[in-house]
Every structure is written in C-alpha cells, then in structure tokens.
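What the coordinates show
Spelled out, the chains give:
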Amino acid sequence: MNMPTANAAPSVEDIERRMAQARRSYEALKAEMAQVIVGHEALIEQVFIALACGGHCLLEGVPGLGKTLMVKSLGETLGLTFSRIQFTPDLMPADITGTNVLADDASGRKVFEFERGPVFAHIVLADEINRATPKTQSALLEAMQEASVTVGGRAHRLDSPFMVLATQNPLEMEGTYPLPEAQVDRFFFKLLLDSPNREGLRRIADLTTAAAPDALKKVLDGAAILEIRQWVREVPLAATVLDYAVSLILATRPGADGEGHETELVRRCVRYGASPRGLQSLVLAAKARALLAGRPNVSFEDVRLMSAPSLRHRLILNLEADAQGVSAEQVLADVLQRVPEAP
Amino acid sequence: MNPGALRQTLDTGVAAMLAWEQRKRREKTLLAALAAALLAALALPLFVTLAPPWTWSTPIAAFALIAPTLLYAWRWRGGDTVRALAALDKALGSGERMTTAWELTRRNDARAVALLVLREASERLQGAKFRKLFPRRWTKQDLLVLPLLALWLALSWFETRVGHSSAAPQVSASVARELRDFARDLEETARAQGLPQTTEAARELARLAQRGIDAQTPDPAFQREIAEAQKQIATQASASAQDASGSAASQRQLDELKAELQSARDWLAAAGNASRNWDEVLGRLSELRQHGEWRQDQGGKTLTRDQVDAFLDKLDKRVTAELDRRALRQTERRLGQLARGEQGEEGGTHPGAGGAGEKDETLAQVPEGQPSAPGEKPGTAAGKAAPLPQFSVGEQSAVKGTLGEGASSNVLLKGQPTPGKSAVAADPVFAAYHRRAEAELNNERIPGELKGAIRSYFLSLEASK
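Cut-off values and rules
Residues numbered from 1 in each chain as written. Chains lettered and ligands numbered in written order. Predicted model: local features only at pLDDT ≥ 70, side-chain atom pairs only at ≥ 80, totals over all residues. Heavy atoms only, no water. Helix = DSSP H or I, 4+ residues; strand = E, 2+ residues; numbered from the N terminus. Buried < 20%, exposed > 50% of the residue type's maximum accessible area, 1.4 Å probe, protein only. Polar contact = N/O pair within 3.5 Å; in protein donor to acceptor, adjacent residues only side chain to side chain. Contact = heavy atoms within 4.5 Å. Expected span 1.5 Å × (residues − 1). Arc of directions from axis to C-beta. Patch = residues over 30% accessible without salt bridge, like charges linked within 9 Å, V, L, I, M, F, W, Y side chains within 5 Å. Areas by Shrake-Rupley, 256 points an atom, 1.4 Å probe, with all protein chains shown as cover. Salt bridge = Lys/Arg side-chain N within 4 Å of Asp/Glu carboxyl O. Buried area = accessible area lost by both parts, 1.4 Å probe.

Overview of the side chain of His40(A)
Residues and elements named next belong to chain A. For histidine 40, the position within the fold is in the loop between helix H1 (12-33) and helix H2 (41-53). For histidine 40, a relative accessible area of 18% corresponds to the buried category. At 3.4 Å, the side chain of histidine 40 forms a polar contact with the backbone oxygen of leucine 65. Setting aside residues no more than four positions away along its own chain, histidine 40 makes contact with Leu65, Leu193 and Asp194.

What follows is the structure, given as structure tokens:
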C-alpha cells in the first residue's frame, strides 16, 4: 500500500486517499467474511471498528451463532497470527501467558527460556472466557491493557496489532465465573450476537453443507491496520458533538447529571454509570465509524450508533433492573431519547 | 483549494443563515410581545378604569415595555448559533460538517483534515436556500395574536362608538350627577333656612360635581374626590361645633325655635321701643318659652329692649350654628354614601334629616329605658325626662334655657276677647306661622301635592293683610 508516512504533513488529497483506503479495506474485509459468515454485517463492522481503534471485544451469544468462526475468519482475512484459548476452570495463567522452561543454551548450560503462550498472537480468541477462574481471567488484564505480559519478573511485549476477542455464553451460568467489572471495562466493545432469521438460516445451511469454501483471502495486513488506527485519531470532532457524547455518559450516572437529562429508568435501575473509559471508547469508535463512512468529521449519528456497543457493558445495573428485566440496552435507548444532540 | 476562499464561503453562508434565523427570532419575539401587550390591554380594564385616551394607548405602552424586555431576554446567544448550525447540518444531511467546519475555522485549524471538512461544508452550503430550508413556522402561540388583536379592536370600537353614547356616561359620571343633584337641593334648602356654612359647602359640592361631569371623571376616581370632600366637610362640621350650642334638642324643636326667634324679631321690630310688654308677648312663643329665664327678674329689673335683642341675637346665632353643624354632619354622611357607591336614602337633602338607620344625636344621649324627650312614644307617659344640656348664652344675659322638651309649638292667646279688637297682634302670629309653614315645607314632611296649597294659603293671608 502506498500510504504517506506518519511524520509527513498530509495534504487534503492524502486525507481523501486515506479515507477511501480505509473504506475500501473495510468493504473488502466484509465481502471476504461474508463468504463464511451469514448476516452479522453490523457485528463485523463493529469488530473492524474495534480493531481500527486498538480495542478488544467481548462477544456474547448463545452457542452455534458463529462467534468462533467469525473471529477465526477475521484473523485469516487480516493475514495476522491467530490463536484460540479455550477457557476452562482448570486453565492456569501460565497456559495463557507462557512460562519459563528449563533448556540448554549453546554452551550446554541450563537456562530458563521463556515459552510464549497463546496470548502471543495478533488476534486472540478467548473462548468462553467466563469459564476460567478469576485468577486466570486476570492474566489477560495486563495483556489487554498494556499489550505486554510479565513472566518471572520480565515483561514481554505482545505483537502489534493485538486484539482480544472473548466470547461468553449468557445461558450457562452454572460453574462460570462472571467477569469482574474492572475486566469488563477493559473491553472496548461488548457485542451481542443475535440468532439468524429465516433467510439467514437458509444461507447457513447452504454454506455449511455444500463444498468447503475456498480459503479466505488476505485483504489487510498489520501495518495497514496500524495506519488506520493513526488516521482514526486524526478525525476532527466538533466540540458540540463531544458535548453530546459527554452528556450521554453523564446521563447514564444516577444523580450525576446536572443538566436534567437523567431519566427515570437510570435513577431506578442503574447502580453505576459509564466510566471515563466508556467515553474514550465512544468517541474513538465514533471517529472510526466516520472514517469508515468516508466522512472527515464525526457526526451525532456516529456517537449515537456507537453508544450501545461502547457503553452497554459499562452500565452496572441494580437488583431492581434484574427483577424487572431491564437491560442496559433499554437504559441506553432511554438515555439517547432524552439527551438532545445540540445544546 | 484556497483555504481563504473556502473560509469566506463558509462565513458568508453561515452568516446569511444566522441572519435569517435571527430575523425569525425577532419576529417571534415581537409577536409574543404584541400578544402580551394585547392581553394586558384586555385584562387591565378588569382592574383599573381607564380614561378614553388610555384605552387606545395601553397596548402601545405595554408593547413598548414588554418588547425590549423580551428582545433582551430572548436575544441571540452562542448556543443558538450552535443549534442553528446543527439544524443546518440536519437539513442539508451533511453529517455535522457545518458545525465542525465552523468550529475549526474559529480555532484557525489549518490541518489538511480541517481543510477537507471546510471544503465539504462549503460545497454543501453553496446554493442553499435558507428561507426554503427553514421557513417561518407559525405556532398556535404566534397565531394567538390575531384573535387577540381582533378582540381588542372590537372592544375598543364598541367602547368608542357605543360606550360614549350610552354606557360611558352612566359609568363614568353617574356619581357626579348624583352629587350635583344633591348639592343643588342642599343649597336651596340651606339658603331657605339661613345656614351659611351649609350653603357654602353645597356650592362647593356643586362646583366639584360640575367639574366631574365636564371631565367625565370615572366613578371610582370621582368617589375618591368625594371622599376628600367628605373629610373637608367633617373638618368644617367639627369647627362649627365650637360655635354651636351642642343642644340636645331635636331637629324639629330647633327648627321651631328658629322660626319663633324670627317671629319675635319681627314683632319687636313692629312694636318698636314704645312697647314694654315684650315679656308677655315673647312668653307666648312656646319654644322660646323654654328659655324663659330671660324673663326672670334681673335684680328686680325687667330686661331692657337692648338686652332682649342681645339675647335673641345670641340664641339665634347658636341655633343657626347648631343647625349648620347638623346639616354639615348630614351632608358628610351622604357624601360617605356616595363615596362608597351606596344609594341615597330617604330623608332627602334636608340639612337636618337623618338617613335610615341613623341615630339622632339627641337620642344617642338618652339612657336606655328612658323615654327620649323629643321622640317619646305617643300615648305613653313621659316619665322622668333626661336632663338636657343647657344653652350657655353668656354672662351678659345669663339666660339659661333648655331645648328639646315639650309638645308641639303653639301660640297662646290670652286676654279678654273684645268684640271688634284682638289683644294679640296679627303680625307676629302670622309671621310665626308663616315661617313654621316654610320650615315644614322645606322639611319635605308635607306631601308635594299639598305644598302649593299651603303656599297659596299664606300668600292669600299676606295679600288680605
């Protein structure tokens, strides 16, 4: 790819070329993944946005919806290394990060040599992450936040780009360890997989019972992804739009919004609202979406559409919400309806 | 791509849009002010009576007061610009390019991405018809001004055309007219009874009433003027009380006493210095006889003519002052009724006549359970009469008298009837009865249809005399 270097001051034409390139990359990835993934276009877009922002995704859905297939296909199309970790209760942190093993060096001396774990990959699928113990889950914390792991007092950098896609099954709660809020907050997006409709089911049946499809083509590489991450951060954001995003965050906090946008549902059902990390995710995701839409600036719609994946896992609901079956999505929809775009 | 040209295009376009929005804001503000002014003009007469010039100028004055206030309160602010730009983005479907470009130009952001936003915003802004994108939208509140205006015009027209001919005078000068009638009657009666202060007060009241009628002063305002006049009358009555006798005599007795005093003067004038039997003649006048101490022997001497004249003068002055005081008090009460908007009561304008429910000052001094001297019930024995206040006529005459007691006035005729001659001079008798009759006529206790007959009777007597 012919991209300008980060240090050179880009021209307007460069910006236009970047936007077109990012758009093309996304369209190519979507088209390639559509060969094996039925539906989930919005989900694929959100995963790509998280990738473009350097974030990690928590995928939640019942078994058989193609979570693992989607992540695996994503790794293939990006031409990045991919690893899958099946989380089980007996999984140990060292099984993820790697461990020091005793080995002979060139002179025949015994030395400890670091054996890299499966976390050392560009795309890591943490399958059924809530089945592992908290100790093991927390092994991912440093990797997700710092992009490095420390074993035996020595830090090891992870490959870049690095992205964790964790899945969890919302139905089977027996013998699971729900992710602590601190860890959930480190996920850039929480994405929900819906069951396919009739047409989707027909296509799934066609695709999976016929001849195996050709291997997916590589449409992006790591360097291109890193460039896109840089472009995303350069998308301008109007103060008015930023104010709107801030108002949304404040409106999710019971008793914290002094502008009168707090809804009755928030007061009643929310224990803790979105964190500052939620605002960062929201703004960054909105910028990435604007870039993918071929727009040089962030719009209110970008913020609005990115609010659910960015904030749904950051709202901590109370028992009353559980009792009344109120979900975070309902709360966010209520907040979006209440908070005006322009002041 | 010329950044300066792009910026100018954006600035020009946004400025035009903002000018249009600000104009609409001003129009809406002025409409709201007009509606408020009309509402005020419609509501104000419910609380305050306005003179005709104010009827038309009230909405103008209210508008002049409200419009600047609203224009200031609803002035264009920075937040309005942001909202207008957001609305423009929505109308043009430009994905907040206008808003972002506007902010970037304000920040003098010269990055390439900022120029790209500016260029795309300028392209979308070119050829935009703001008046079509943001047409005037009249809300129900805006349209309210039309029915309000129509209502106010209709009411103003009705008041101007119809009210001036019929309703307005009834409303605006009815109290003044009532006062004028009252003042005229009062003056006539007071002049007939020779009450100088009441006569003067009646003239003042007549002038006040005429001014109110000429100016078409509204009733509430005129009632305030009447209240002021009432205070002056009260002051005047209090001042005259010092000269008055403070007598407990009834109004009727005072009237009769005054008539007898006049009769006595007439008789004395007719008799001249030659006559020395005034003691006997004056003693025949019943009310005057109540003050009969003048007849007592003053050190064994009979009063001289001058002393009698002095006594009569002082007594007349005191009686007149008392009648004046009572008339002023009565006038004050009547003015109070007019000031309160109450209807006049029976008793008319006679200076001494009390209104309904009014307690006679004389009666007020009588203890409960005792018959009142002048008003005791007919057919009941007059028990022990309450002691009545005495006239103090001064040291010279040292004559004391009581008023208020006794039966109706009469003239005792004494002497041996001699055929062809009368021992009593006709003139004083005639004068006494004539004045008594005039007093009765003025008291309006005589039915109206009989007044003419009574006057004719006395005129015939005078003619035959």
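Details of helix H5 (residues 134-146) of chain A
Residue and element names in this part refer to chain A. With 13 residues, H5 should reach 18 Å at 1.5 Å per residue; the first-to-last C-alpha distance of 19 Å fits that figure. Restricting attention to buried positions, one finds in H5 the residues Thr136, Gln137, Ala139, Leu140, Ala143 and Met144. Considered in projection along H5, the buried side chains sweep an arc of 145° and stay on one side of the axis. The inward-facing, buried residues of H5 contact helix H4 (93-97), strand S5 (123-127), strand S6 (148-151), strand S8 (163-168) and helix H6 (181-184). Immediately beyond the C-terminal end of H5, within one or two residues, lies alanine 147, with a positive phi of roughly 60°.

Focus on a nonpolar patch on the surface
A contiguous nonpolar patch, built from Leu44(B), Leu46(B), Phe47(B) and Val48(B) and spanning about 440 Å² of accessible area, is present on the exposed surface. Its location among the elements puts Phe47(B) in the loop between helix H1 (3-43) and helix H2 (52-73).

Brief notes about the interface of chain A and chain B
Contacts between the two partners involve 24 residues from chain A and, on the opposite side, 21 residues from chain B. Summing both partners gives a buried area of about 1,700 Å² for chain A against chain B, and 63% of it is carried by carbon and sulfur. On the surface where chain A and chain B come into contact, there are two salt bridges. Note that Glu16(A) and Arg119(B) form a salt bridge whose closest N and O atoms lie 2.3 Å from each other. Our count for the chain A to chain B interface comes out at eight residue pairs in polar contact (both at pLDDT 80 or more). When contributions to the side of chain A that touches chain B are tallied by element, the ones reaching two or more residues are H1, helix H9 (239-251) and helix H12 (300-311) of chain A. Among the elements that take part in the side of chain A that touches chain B, H1(A) stands out by supplying four residues, more than any other.

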